[in-house]
Amino acid sequence: MEYLDFELPIKELINELEKTIEIGKNTNSNAIDLIKELKAKIKIKKKEIYSNLSPWQIVQLSRHPNRPYTLDYIENLTRGNFIELHGDRNFKDDKAMVGGWGKIGNQTFMILGQQKGKNTKTRKYRNFGMANPEGYRKALRLMKMAEKFSKPVITLIDTPGAYPGVEAEARGQGEAIARNIYDMIELKVPIISFIIGEGASGGALGIGVADKIFMLENTWYSVISPESCSSILWRNWDNKELAAESLKLTPKNMLKNKLIDGIIKEPMGGAHHHPEKVYEKVYDCINNNTKSLIKTRPEKLIKDRIKKFSKMGIYSG
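Read on for a plain summary of the structure.

Procedures and definitions
Residues numbered from 1 in each chain as written. Predicted model: local features only at pLDDT ≥ 70, side-chain atom pairs only at ≥ 80, totals over all residues. Heavy atoms only, no water. Axes fitted to C-alpha atoms, helices over the stretch in contact; angles between N-to-C directions. Helix = DSSP H or I, 4+ residues; strand = E, 2+ residues; numbered from the N terminus. Parallel < 35°, antiparallel > 145°, perpendicular 65-115°, else oblique. Left-handed = near helix turned anticlockwise from the far one by under 90°. Contact = heavy atoms within 4.5 Å. Nonpolar A, V, L, I, M, F, W, Y, C, P; charged D, E, K, R; others polar. Expected span 1.5 Å × (residues − 1). Buried < 20%, exposed > 50% of the residue type's maximum accessible area, 1.4 Å probe, protein only. Arc of directions from axis to C-beta. Polar contact = N/O pair within 3.5 Å; in protein donor to acceptor, adjacent residues only side chain to side chain.

It is worth spelling out the packing of helix α6 (residues 133–148) against helix α8 (residues 173–185) at this point. Closest axis-to-axis distance for the α6/α8 pair is 8 Å, and the angle between their directions is 20°. Relative to α8, α6 is oriented roughly parallel. Viewed along their axes, α6 and α8 form a crossing whose handedness is left-handed. The residues of α8 that touch α6, namely those facing P133, Y136, R137, A139, L140, M143 and K144, are Q173, E175, A176, I177, R179, N180, D183 and M184. Its residues assigned to classes, the contact of α6 with α8 shows eight nonpolar, two polar and five charged.

Here we take up helix α2 (residues 32–50). Given 3.6 residues to a turn, an α-helix orients residues that are three or four positions apart in the same direction. For α2, which comprises 19 residues, the first-to-last C-alpha distance of 27 Å matches the rise-based estimate of 27 Å (1.5 Å per residue) to within 8%. Turning to α2, its buried residues number three or more, namely I35, L38, I42, I49 and Y50. Projection of α2 onto a plane perpendicular to its axis shows the buried side chains occupying an angular sector of 80°, all on one side. Across from the buried face of α2, at angles greater than 90 degrees, the exposed residues are D33, K36, K43, I44 and K47.

Now for the side chain of E198. Mapped onto the elements, E198 comes out in strand β5 (residues 191–200). Looking at E198, its side chain comes within polar contact range of the side chain of K116, at 2.7 Å. Discounting residues that sit within four places of it in the chain, E198 has contacts with S62, R63, K116, I157, D158, T159, P160 and W220.

Okay, structure coming up:
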């Protein structure tokens, strides 16, 4: 298990506990009282740290390398009943965007989302979860397929942003994301989105226009990352913590501003500590929201979706 900088006091106590248990085994000494004391200290320290997380610490937790990613959710939600589909039928198959047919309970869904890698090789293969235009075009192709067969769509958002490379811009990155936003608004089937990690910029919004949007407790959703915001305003990354605070990017801020529909609680310390509990909560959330959405007429779905997003923010026309 990897630890973030603010989690180091917990790591020290856990190391001390492991040494005490090891010494007790090797010397046949009775260290039960000391072990109990250390376990109590760990519990108190965890509660102290995780109950008072700053926005920047939440950003750090959302990026924890041990967090479950999109394919982990798909594997566990569908119990293996998933068929991945590939390619945008225009340029190539983007490995940062995955999607396909999956069965959750008795309902078939089109499930798609950004996928990050778990080691150096797979991170490069998945382009760190940053999709190119072909990734967004693949996502739209799959959503249109879901519409054709009248199946609801689930999107799992976890990206530091759409890929900003020259080649991506040359192939129409902005147009691809804008097209997704436009067409998702008018999609005739229900869409449920979950932010499972990072929800950055248009990269997230490109698959984030939904009837219901939920955030896991230790995730973030914003027009820009704290580091990029800091580099624009202060010409360096030194003020990323202040930027994270100012951006109001936490789930609580998002819910307060009526930009999402709910928050899914994570185990203490983050989703990576007990991922099976998180899968269960997401599973229940899908079941609880799908039934009513499926019964809604397509015309009303579209009308309500337009109304939902039109109410966000302040503008004059």
